[in-house]
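Chain by chain, the residues run as shown.
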Amino acid sequence: MAGGTFSTIKSFFGAETSGDAPKSALEMIRDGHERVQRLFEEFESSEGAERRRVVPNALRELVAHTAMEEEIFYPRLRRKVGADDPSMFDEALEEHHVAKVLIGELQNMAPGDERFDAKFKVLAEAVRHHIREEESKMLPRAEGTDLDLAQLGQEMARVKERVQRSGRARPRSERRQTARDGARASRSSSAAERRSPKKRANQPPRSGRTSKPARKRRARPVASGSRSKMRGRSRAPARSR
Ligand SMILES: [Fe+2]
Ligand SMILES: [Fe+2]
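The sections below set out a description of the structure shown in this document. (Residues numbered from 1 in each chain as written. Chains lettered and ligands numbered in written order. Predicted model: local features only at pLDDT ≥ 70, side-chain atom pairs only at ≥ 80, totals over all residues.)

Concerning helix α3 (residues 48-81)
Side chains of residues three or four places apart in an α-helix project in the same direction, reflecting 3.6 residues per turn.
Alright, step 1. The end-to-end C-alpha distance of α3 is 46 Å, a good match for the 50 Å that 34 residues give at a rise of 1.5 Å each.
Alright, step 2. Of all the bends in α3, the greatest measures close to 45 degrees and is centred on E70. (Helix = DSSP H or I, 4+ residues; strand = E, 2+ residues; numbered from the N terminus. Expected span 1.5 Å × (residues − 1). Bend = angle between axes of the 7 residues up to and from the residue.)

A word on the environment of F120
Alright, step 1. Topologically, F120 is positioned in helix α5 (residues 116-143).
Alright, step 2. Sequence separation of F120 and F43 is 77 residues, and the distance between their C-alpha atoms is 9.1 Å.

With respect to unusual backbone geometry
Alright, step 1. Its identity as a non-glycine residue notwithstanding, R115 has a phi of 75 degrees, on the positive side.
Alright, step 2. Looking at the secondary structure, you find R115 in the loop between α4 (86-107) and α5.

Quick look at helix α6 (residues 149-166)
Alright, step 1. Taking 1.5 Å per residue, 18 residues should reach 26 Å; α6 reaches 25 Å between its end C-alpha atoms and fits that length.
Alright, step 2. For α6, the complete set of buried residues consists of L149, L152, G153, M156, A157, K160 and Q164. Down the axis of α6, the sector holding all buried residues measures 145 degrees, keeping them to one side.
Alright, step 3. Positive backbone phi, approximately 95 degrees, marks G167, located one or two places after α6. (Buried ≥ 20, exposed ≤ 12 C-beta atoms within 10 Å, placed from the backbone. Arc of directions from axis to C-beta.)

Observations concerning the packing of α3 against α6
Alright, step 1. In contact at an axis separation of 9 Å, α3 and α6 are set at 140 degrees when each is read in the N-to-C sense. In this structure, the crossing between α3 and α6 has a hand that is right-handed. Taken together, the residues of α6 that come into contact with α3 (itself represented by R60, V63, A64, A67, M68, E71, I72, F73 and R76) are L152, E155, M156, V159, K160, V163 and Q164.
Alright, step 2. Split by residue class, the contact of α3 with α6 holds ten nonpolar, one polar and five charged. (Axes fitted to C-alpha atoms, helices over the stretch in contact; angles between N-to-C directions. Left-handed = near helix turned anticlockwise from the far one by under 90°. Contact = placed C-beta atoms within 7 Å. Nonpolar A, V, L, I, M, F, W, Y, C, P; charged D, E, K, R; others polar.)

Have a look at this one:
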């Protein structure tokens, strides 16, 4: 494989999956922070096509990084120290949420769009703040626990690789064809449902909630005479007071 191609793959997936020694959870996190901060600096010091090239790389890195933290690192550490400081995790997740909103918007924009650069700068500021919080509060807490950080690092590397391979971390422009194919498939299945409403009725609810089947009401046997009593009551004229 040509050196250039290899280095591109290595920078896309990170050193965690390129055959280097496995990294601990904290190394995975700190390396990810360094990588995105380098990309933020590259963005700030470049222009034109070079600047445009930086954004998708930073978004990829951030999507995979937040996934490995949310799926593995945060819940495991929270189990150990969350009772002492629940707001540390809630605030970190809210910061991830804000970053994801901006990432989603950037993935749906073209680099020349109005406010594209401004949005990326706001994302960079938010992420820098988040990194400071994680490195000053969360990572030192993890060092003081009996968590198997080497094992966690391997699990996080697998999540990161899975997310990057799945395409979730790819910018919109690269996913456009896949999205178009998905929309086409969804439209054709909706049309099929409209043509066959019975089929839709048999499908489980979309919300994923398991609803109980509606109870069939049993027809009660009507006692002889009661029907005539009811009839009589309904016919009875209202008493005048
Ligand atoms: Fe992080
Ligand atoms: Fe984070």
